[in-house]
Amino acid sequence: MAPDTNLAARPPRTPSQGPGATLSLPIAGMTCASCVRRIEKALAAVPGVAQASVNLATERAVLRFDGPPDLAAVLGAIARAGYAVPEETTELSVEGMTCASCVGRVERALRAVPGVLDASVNLATERAVVRHLGGGAVEVAALQAAVRRAGYEARPIAVEAAEARADREREGRERELRALRRAMLFAVLLTLPLAVLEMGGHLVPAVHHWVEATIGTRASWYLQFALATLVLFGPGLRFQRTGWPNLLRGAPDMNSLVAIGTGAAWAYSTVATFAPALLPADARNVYFEAAAVIVALILLGRYLEARSKGRTSEAIRRLMGLQARTAHVERDGAAVEVPVAEVRVGDVVLVRPGERVPVDGEVIEGASFVDESMVTGEPVPVRKEAGARVVGGTVNKTGAFRFRATAVGADTVLAQIVRMVERAQGAKLPIQALVDRVTMWFVPAVIAAAVLTFGVWLAFGPPPALTFALVNAVAVLIIACPCAMGLATPTSIMVATGRAAEIGVLFRNGEALQTLREARLVAVDKTGTLTRGRPELTDLVPAPGFDEAEVLALIAAVEARSEHPVGEAIVEAARRRGLPVADAEGFEAIPGYGVAATVNGRRVAVGADRHMARLGLDVAAFAGAAARLADEGRTPLYAAVDGRLAAAVAVADPIKETTPAAIEALHRLGLPVAMVTGDNRRTAEAIARRLGIDEVAAEVLPDGKVAVVERLRQGGRRTVAFVGDGINDAPALAAADVGLAVGTGTDIAIESADVVLMSGDLRGVPNAIALSRATIRNIRQNLFWAFAYNVALIPVAAGALWPAFGVLLSPILAAAAMGLSSVFVVSNALRLRGFRPPVPAGGGDGAAAEAAAPGAVRPAAA
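Treat the numbers as computed from the prediction; the structure is a model and nothing was measured.

1. A word on the overall build of the protein chain
Thought 1: Scanning the protein chain from N- to C-terminus turns up 31 helices and 29 strands.
Thought 2: Long-range pairs, those at least 24 residues apart, make up 70% of the contacts in the protein chain with a sequence separation of at least 6.
Thought 3: Element-wise, carbon and sulfur atoms account for 58% of the exposed surface of the protein chain, whose accessible area totals about 36,900 Å².

2. Regarding the sheet that holds strand β16 (residues 401-407)
Thought 1: In spatial order, the strands read β9-β8-β10-β16-β11-β14; together these 6 strands make up an open sheet with antiparallel pairing. Each edge of the open sheet carries a strand with a single partner, namely β9 (334-339) and β14 (389-390).
Thought 2: Strand direction decides the pairing type here: strand β10 (residues 348-351) and β16, joined by 4 bridges, are antiparallel. Bridge pairing in β16 links valine 348 to arginine 404.

3. A word on the confidence of the model for the protein chain
Thought 1: Residues with a pLDDT of 70 or more make up 85% of the protein chain, whose mean pLDDT is 81.
Thought 2: Per-residue pLDDT stays below 50 along residues 1-18; that stretch engages in 23 contacts with residues further than four places along the chain or on separate chains.
Thought 3: In this model, residues 843-862 is a region of pLDDT below 50 whose contacts with residues beyond four sequence positions or in other chains number 46 contacts.

4. Points about the UniProt feature "transmembrane region" (unreviewed entry) in the protein chain
Thought 1: Within this numbering scheme, the UniProt entry marks residues 183-207, 219-237, 257-279, 285-304, 438-460, 466-489, 783-802 and 808-830 as carrying the feature "transmembrane region" (unreviewed entry).
Thought 2: Segment residues 257-279 splits into 78% helix and 0% strand. End C-alpha atoms: 25 Å apart.
Thought 3: Annotation note: span residues 285-304, helix share 85%, strand share 0%, distance between end C-alpha atoms 33 Å.

5. Digging into the environment of valine 295
Thought 1: Position of valine 295 among the secondary structure elements: in helix α10 (residues 288-312).
Thought 2: The exposure class of valine 295 is buried, given its relative accessible area of 0%.
Thought 3: C-alpha of valine 295 to C-alpha of alanine 183: the two residues are 112 residues apart in sequence and 9.9 Å apart in space.
Thought 4: Those residues within four positions of valine 295 in sequence are excluded, and the remaining contacts are Val231, Leu232, Gly236, Phe239 and Thr262.

Parameters and conventions
- Residues numbered from 1 in each chain as written.
- Predicted model: local features only at pLDDT ≥ 70, side-chain atom pairs only at ≥ 80, totals over all residues.
- Heavy atoms only, no water.
- Helix = DSSP H or I, 4+ residues; strand = E, 2+ residues; numbered from the N terminus.
- Contact = heavy atoms within 4.5 Å.
- Areas by Shrake-Rupley, 256 points an atom, 1.4 Å probe, with all protein chains shown as cover.
- Pairing = 2+ DSSP bridges.
- pLDDT = per-residue confidence, 0-100.
- UniProt positions renumbered as here; feature names shortened; annotations may be inferred.
- Buried < 20%, exposed > 50% of the residue type's maximum accessible area, 1.4 Å probe, protein only.

If you want it as C-alpha cells, here you go:
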C-alpha cells in the first residue's frame, strides 16, 4: 500500500508510547452533558483506546490506550461527532543542524511527540514550525526534549518585536561566524606545517631530504601526530562531538561522515606511527595531513557558507531598517519626541519634511507628498492630505502634516509585511518532498558505500591494498554533501520572498511560490482590479449652442441630490474643475428613466435615451457619439436644459493606467488572460478588445465566480490564477489554484489570497509569476548541482576511474569539493537578489495613463 503523502490533510500516526499510554486533549464546542456522552462514545469506538473520560468543566478528554495511539483516528472520531480539537503552532530555534539529514531527523523526532500533528524544519533559517494540539496538550518542554534526544538543541522563539528578534538573531549569526573564523584560522595555522612536512616531501624531493637530514622520518611522524591531534580534537572537535553520538544512536549525519573519515585516517596513522608491527610492511604510511587538511577545508567551507547564508535574509533586515526610531507626539499640548514603541493608538503625531512616518494613521491636518515605494514598489510619491491614510516606514518628502495613529507596533502594515515574509521564508515547497525522501537514506547509504569501497579495495586492490582501501573509503565519506541538498530549496525561498517584498509582492505561503509558476491562465476580476473601482465622468459632448462647463455645472447641481454612484461621479468631476454646484429645487427621481430638478430657474433633466423620448426629445444628433461610446463599453446619458437637448455624457469605471502594460507583460510570458465581470456582454467585450484580453466571462453574479474558475480550469487540465480585490472575490481567490489580491482591496480578499500585490495594480501579477519561475528555476539548478555532484563524484571517490585511467580522488580534494558545493548552492540562490521584474514600477502605458487620468473629461472633439 502506497504511503499517504497528504500530510496537510491527514495528521501522521503517532508512534506507540507503550501499553497504558495516556493523552489529554482539549475539546471545543461542548455545551452540555450529552456532548460529553457523545464524545466518550465516539472515542471508545477508536481501536486502541482502552478508556476515554471527558470533562465538561475543563473541556478536556483524557484517553488511555492499550495499544499504539492513533492520533489521526482519535481526531477523526471527534470531528465526526461534531466537535473540534483546537490547534496551535509553536516555533523553535534549532541549533546544531548542518545538513539535510539533520532536518529529517529533527522533523521525525518532533512528529513522534504525542499531540504533534506536523512539523516542518528549515535548514537555512534554523527554525522548526510545529503544528500541534492546543490547550496545553503539548508542552514546549516536550518538544525541546524530543529535539535534544535527536542530538540537537531547541529553544522557543519568544513573541517579541520583529526588530528585537532580528537583532538577537543577527548577534547569534555574528557569534557563530566569529567562532567559525577562529576555529578555521587555528586549524589552518596548525595544518600548514603538517602539510609541508608530509606533502612537501612528496611534491619536492629537496624537502624530503631536508626532513630526513634534520629531524628524521620517525620524529616527523611524531610531530605530525601532535599537530593532527590538536586539529582533530581542537577546532575539529565539533565534528567528533556530534558525529559519533548520532552514529551510535543509528541516525548518522554529515558530522558523522566527517568524524568517521578523519577519525579513520588519524587512527590508521597513529597505529602506523606507534605500533607499526600491527600493519603489513608495505602499508606503514601516515595520513595525518589528510585528516587535518580535511578538517581545515570543511571549516573554511562552513565559514564561507555561513557568511553567504547571512546575506539571504538581508531583505528582512532592510524592511526592519525602515522603521522610524522616534516620533513627535502631541502630549499635553506640546510636541514631544518619544521612542516609536511608546506611540499609542489615537495619539496625534507630527511629521516634518524628510522624516519617516513612524506608525500607521490618518492625516488630520496639512498636506505633503509621501514616498510609499517600500510598500507598493511605486517610485512616484503620493499626495497626502486630510483623510488620507499613511503607512509607517514611508518617507515624507516636502510638506508637514499631523496624523492620528490608527495602528502601532505589531499591527502596522510594515510589521505585517515582515511577518508575512518571515512565514513565507520558513515554508517548504512541494519540490522539497523529493529532497526529504532522498536525504532520509543518503548518509546511511554513503556509509554503506564507504564500507563497500573499503572491502573491494582490500580484497582486489593492488598493494598496499590496505592503504588504498583506507584512502578511497575516506574519500567517499568526505565527498558526500547532504549540506548542499538541504540548502538548495530554503535559501532560494528566503532570497526570492525577500526580493518579492521589495517589488511589492507578498507571498503569504511558500506553496504559492511554486504553484504560481505553473499557472496556465490568469483570470482577472474587472472592477477594482482592471479598473479603478469607482465611476468617473469620462465624456461630455455638448450640443451646439451650449457651453461644456455650464452644462456640467447644471447637471452636477441636479445629481448632487441623487445618491446614485453615477451622480457622485458627475459632482466630483465638477468640483475637480472648480465649478460651482448650485442648490437644486423640486428634485424628482423617475426609476428606470432619470432625474430632474430646477437649478437657478432653469429646468434640468438627466437620464437615459428613453427619458429624453419621454420628454419629447430626439437624441439622433448624438448617434455618432453614442456609437463610439458603445464601442468603448460606455453607456451614454443625456441632459436636457429648458426643454432642449443639451449634452451627451458618459460615466464609466476607468481602466487603470497600469493595466495595458500588465496585460501585455502577461502575454509576453505566454499566459492568456480572462476577464470576469458582472457587466453586460457588449460592454465587457468592448473592454476586452481595448485591452487585448483573450477570454470574457460576462454577466457573472457575485456568487458565480467560483463556477467560472472551475470552468476556466477545464476539469483540472490547467492551473488558474485568479486576481481580485473585493469581498465578493474572496471565494474565487480561495477556489483558484493561486489567488492574488491587490493590496488596496478588502481585508477579506487579502486573507483569502495566496499572494498580495501591495501596489494595487495588475503589474504585480506578471512580476510575481516571473519571480516564481525564476525561483523554481534557481531551485532546480541547486538541486541538480547537489544531486549531480554526489552522483558523479562518489563513484570517482570510490575509485571508479582507477581501472581505466589510474586516477584516484584524494580525500583532501574531496573535502575542498564538498565545502565548495554548499557555497555554490547558496551563491546561486543569492543571484535572485538581482531579479528584474518584467514590468518595472512606473512603467505603465503613457497614453493609457493620460486617457484614464482622474477627472480627464473627454471634450466634444473626442
